[in-house]
Amino acid sequence: MSEIPDLKDSSGRMRRIVLSLLIGGAVAGIAYFLANAGVQPDKEAHTMHVTRGQMSGGTFVLWVTFVSFAVAVSAALGIQNALAKKAWRAEQQIPKAKIR
């Protein structure tokens, strides 16, 4: 049974997960500052709620932060796994015969 060295190896997988979490944290931090600057939830204390399900500015900032974190982690991990699989397939290729 052929094993996928980088995909089955816990050190390679852990490296990809940690890198994806770091990228997600950086993207979430940027998204938080952008959403907080755009909405400014602390300055608007006198908001009018039209419906019961209407979210406040602070809730919107948190949602943007969490969604951007999840999307960034998923994308980074997917890209890294695809590159690791491509490298593994390149190693498994049988060299072509050459005529001497």
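Going by the structure above, here's the rest.
Along each chain, residues carry numbers from 1 onward, in the same order as the chain's sequence is written. Residue-level local features of this predicted model are given only where pLDDT is at least 70; pairs of side-chain atoms are given and counted only at 80 or more, and the full residue set underlies all totals for whole chains, interfaces and linings. Here the side-chain values reflect all heavy atoms present in the structure, with hydrogen atoms and water set aside.

Right, let's get into the overall build of the chain. Every helix listed is a DSSP run of H or I at least four residues long, and every strand listed is a run of E at least two residues long, numbered separately from the N terminus. Of the regular secondary structure elements, the chain holds three helices and zero strands. Helices and strands appear in the chain in the N-to-C order α-α-α. Categorising residues by exposure relies on relative accessible area from a 1.4 Å probe, with only protein chains included: less than 20% of the type maximum marks a residue as buried, more than 50% marks it as exposed, and the intermediate range marks it as partly exposed. A buried classification covers 17% of the 100 residues belonging to the chain. Sequence separation of 24 or more characterises 73% of the internal contacts of the chain that already satisfy a separation of 6 or more. As presented, the chain carries roughly 8,200 Å² of accessible surface, and 65% of it is formed by carbon and sulfur atoms. Note on definitions: a residue-residue contact is assigned when non-hydrogen atoms from the two residues lie within 4.5 Å. In this description, accessible areas are obtained by the Shrake-Rupley approach with a 1.4 Å probe, and a residue is regarded as covered only by the protein chains that are shown.

Before going further, it helps to examine the environment of glycine 25. The topology assignment puts glycine 25 in helix 2 (residues 10–39). Sequence separation of glycine 25 and phenylalanine 66 is 41 residues, and the distance between their C-alpha atoms is 9.7 Å.

Right, let's get into helix 3 (residues 57–92). Any helix carries an expected span of 1.5 Å times its number of residues minus one. Spanning 36 residues, helix 3 covers 53 Å between terminal C-alpha atoms, matching the ideal 52 Å at 1.5 Å per step. Taken as a whole, helix 3 has its buried residues at Val61, Thr65, Ser68, Ala72, Val73, Ala76, Gln80, Ala84 and Trp88.

Here we come to the environment of valine 18. Mapped onto the secondary structure, valine 18 falls in helix 2. Residue classification places valine 18 among the partly exposed positions, given a relative accessible area of 40%.

Right, let's talk about the side chain of threonine 65 for a bit. Note on placement: threonine 65 falls in helix 3. Beyond its immediate chain neighbours, meaning those up to four positions away, threonine 65 contacts Ala28 and Tyr32.

With respect to the secondary-structure elements, serine 20 resides in helix 2. A relative accessible area of 1% places serine 20 in the buried class. Here a polar contact is recorded for every N or O atom pair within 3.5 Å, except that within protein the pair must consist of a potential hydrogen donor and a potential acceptor, and residues adjacent in sequence are included only if both atoms are side-chain atoms. Reaching out from serine 20, the side chain makes a polar contact with the backbone nitrogen of leucine 77 at a distance of 3.2 Å. When sequence neighbours within four positions are dropped, the list of residues in contact with serine 20 reads Val73, Ala76, Leu77 and Gln80.

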